[in-house]
Amino acid sequence: MKIAIVKTFITSLGLLALLTPTQASAQLVPQPWVSVGSKDGDVTYAVGARALDFGVELGVGTDGATGVDVLKFIRLPVISPYVGLGYYSEDEGVAFSGGVQVGATDNVFVGAGYNSVRGINGQLGIRF
């Protein structure tokens, strides 16, 4: 009788450990950033967000050209280089971009990049 109780108790503990929900180690939380840059003496700016090693950036370039870039990040331990392709209005057409984002603290990152429509830019973002 005691052996049956011990076996039931051990089995119950094993099932409880197996079926207990655990906290997710990675959640789908975007990492937003703002960007300010310069091209041909004009100030350019953008906002972006990154999730699952892909990003989207909405930007305003020279002469009021507005557009969107789709970015692909390469995840490395401290830095995250990226490349992107976008489309802009005002006869600017296709834009190419590239850059790098670096973790400054656990919740803040900085970056630098180049966009063929918006020029050289600096980035400041947060991680949740």
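For every chain, the first residue of the written sequence is number 1, and numbering continues from 1 onward in sequence order. pLDDT decides what is reported in this predicted model: residues at 70 or higher carry local features, side-chain atom pairs at 80 or more are listed and counted, and totals for whole chains, interfaces and linings draw on all residues regardless. Each side-chain value is worked out from all heavy atoms of the structure, with water and hydrogens disregarded.

Draft legend 1. The pairing of strand β1 (residues 31-39), seen in detail. The pairing of β1 with strand β2 (residues 42-51) spans 9 bridges and is antiparallel. Note on β2: the bridge partner recorded for Pro 32 is Ala 49. We call two strands paired when DSSP finds no fewer than two bridges between them. The way it works is that DSSP assigns letters per residue, a run of H or I at least four long becomes a helix, a run of E at least two long becomes a strand, and they are numbered from the N terminus. Linking β1 back to β2 in an antiparallel pair, the connection comprises 2 residues, with Asp 40 at a positive phi of about 55°. Examined bridge by bridge, β1 and strand β8 (residues 119-126) share 6 bridges and lie antiparallel to one another. Of the residues in β8, the one forming a bridge with Ser 38 is Ile 120.

Draft legend 2. Local environment of unusual backbone geometry. Backbone geometry at Leu 52 places phi at a positive 55°, although glycine is not the residue there. With respect to the secondary-structure elements, Leu 52 resides in the loop between β2 and β3 (54-60). Exposed residues in this analysis have more than 50% of their type's maximum accessible area, buried residues have under 20%, and partly exposed residues fall in between, with area computed by a 1.4 Å probe over protein chains only. Look at Leu 52 and you get exposed, because its relative accessible area is 65%. In this structure, Asp 53 takes a positive phi of about 65° despite not being glycine. Looking at the element boundaries, Asp 53 is found in the loop between β2 and β3.

Draft legend 3. Structural detail: the environment of Ile 74. Mapped onto the elements, Ile 74 comes out in the loop between β4 (66-73) and β5 (79-88). C-alpha of Ile 74 to C-alpha of Asp 53: the two residues are 21 residues apart in sequence and 6.8 Å apart in space.

Draft legend 4. Structural view of the pattern of salt bridges. What counts as a salt bridge is simple: a side-chain nitrogen of Lys or Arg found within 4 Å of a carboxyl oxygen of Asp or Glu. Tallying each qualifying case throughout the model produces 4 salt bridges. A salt bridge links Asp 53 to Arg 75, with the shortest nitrogen-to-oxygen separation between them at 3.2 Å. Of this pair, Asp 53 sits in the loop between β2 and β3 while Arg 75 sits in the loop between β4 and β5; the two residues are 22 residues apart in sequence, bridging distant segments of the chain. Take Asp 53: its relative accessible area is 15%, and that puts it in the buried class. Here Asp 69 makes a salt bridge to Arg 118, at a shortest N to O gap of 3.6 Å. Of this pair, Asp 69 sits in strand β4 while Arg 118 is found in the loop between β7 (108-115) and β8, placing the two residues 49 residues apart along the sequence. With relative accessibility at 0%, the residue Asp 69 sits in the buried group. What you see here is one network of salt bridges that share partners, running through Arg 50, Asp 53 and Arg 75.

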